[in-house]
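# Working through the structure, step by step
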Amino acid sequence: MSKIAILSVIFGLTAQCIISQAIPPKEWQIKTALMAVPADYKDGAKVYGYDASGNFVTLREGSNDYIALAADPKKEKFSTAAYHKELEPFMARGRELKTQGKDGKEIFDIREEEVKAGKLKMPDKTTLCVFTGDVNTETQEIENPYVRYVFYIPFATGESTGLPTTPTPPGHAWIMNPGTHRAHIMITPPKN
């Protein structure tokens, strides 16, 4: 075997070990992803996360209307999310476009066009919960937990809802991306 082939194998194995070490165990991913799910839906929520190679996979099948996303191990900050299953086509399309190398603006524009054309189904109202916190490096428990809420209402505006369209003090609702497919009411509770 040539030196280049041996070095390639060693590099590949080293990279795989590094990736495997960075991916949290399946059980931990499920446990922490469920922190974003409202209590009434935790037991039957579907959970997506990452396998040992870093691939986005189903970690647990679901039996109710909620889907939870484990924290992305490639991101520095811990964040999970959960949403109603009616939002899955929208979310899946975003993930697909991201794997194609599209940036945030391109993803927004493509989905906007597809929703307007009727190619991409966007529910008339649905919910997303985002859970953040700090991972204690010793215990692996989540400290300083925080949840914010997003209520999607496509193409809503300040005028159609009576809500402001700029960020408001914590605890107050406002509408983000007004007039677009991604219009949503943001509710950001105060942090303790």
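Everything below is about the structure printed above this text.
Quick look at the structure, then. (Residues numbered from 1 in each chain as written. Predicted model: local features only at pLDDT ≥ 70, side-chain atom pairs only at ≥ 80, totals over all residues. Heavy atoms only, no water.)

### Details of the environment of Thr-127
Put simply, the rule reads: Secondary structure is summarised from DSSP: a helix means a run of H or I of at least four residues, a strand means a run of E of at least two, and numbering begins at the N terminus for each. When checking whether two residues touch, look at their non-hydrogen atoms; a contact exists if any pair is within 4.5 Å.
Structurally, Thr-127 can be placed in strand β5 (residues 126–135). Between the alpha carbons of Thr-127 and Leu-87 there is a distance of 8.0 Å; along the sequence they are 40 residues apart. Contact partners of Thr-127, with chain neighbours within four places excluded, come to Tyr-66, Ala-82, Tyr-83, His-84, Leu-87, Val-150 and Phe-151.

### Things to note about unusual backbone geometry
Our working definition: Residue burial is assigned from relative accessible area. The probe radius is 1.4 Å, only protein chains are included, and a residue is buried under 20% of its type maximum, exposed over 50%, and partly exposed in between.
A positive phi angle, near 65°, is found at Gln-140, a position not held by glycine. What makes Gln-140 partly exposed here is its relative accessible area of 36%.

### What to know about the packing of helix α3 (residues 88–99) against helix α4 (residues 104–116)
Going by this rule: Note on method: axes are straight lines fitted to C-alpha atoms, helices fitted across the in-contact stretch only, with angles between N-to-C directions ranging 0 to 180 degrees. Should an angle fall under 35 degrees it is called roughly parallel, over 145 degrees roughly antiparallel, and 65 to 115 degrees roughly perpendicular, with every other angle called oblique. Handedness of a helix crossing follows the sense of rotation of the near helix relative to the far helix, less than a right angle counterclockwise being left-handed and clockwise being right-handed. Each residue is assigned to one class: nonpolar for Ala, Val, Leu, Ile, Met, Phe, Trp, Tyr, Cys and Pro, charged for Asp, Glu, Lys and Arg, and polar for all the others, Gly among them.
Close contact between α3 and α4 brings their axes to 10 Å; oriented N to C, the two are set at 135°. Considering their axes alone, α3 and α4 lie oblique with respect to each other. α3 and α4 meet at a crossing whose hand is right-handed. Contacts between α3 and α4 involve Phe-90, Met-91, Arg-93, Gly-94, Leu-97 and Lys-98 from the first element and Ile-107, Ile-110, Arg-111 and Glu-114 from the second. Of the residues belonging to the contact of α3 with α4, the class tally is five nonpolar, one polar and four charged.

### Details of α3
Our working definition: For a helix, the expected span equals 1.5 Å multiplied by the number of residues minus one.
Its twelve residues give α3 an end-to-end C-alpha distance of 16 Å, which sits within 8% of 16 Å, the value for a rise of 1.5 Å per residue. Of the residues making up α3, those classed as buried are Glu-88, Phe-90, Met-91, Arg-93, Gly-94 and Leu-97. Looking at the buried positions of α3, the neighbouring elements they touch are β1 (46–50), β3 (66–69), β4 (78–84), α4, β5 and β6 (142–152). Positive backbone phi, at 90°, marks Gly-101, one or two positions downstream of α3.

These values are about where atoms sit, not about what they do.
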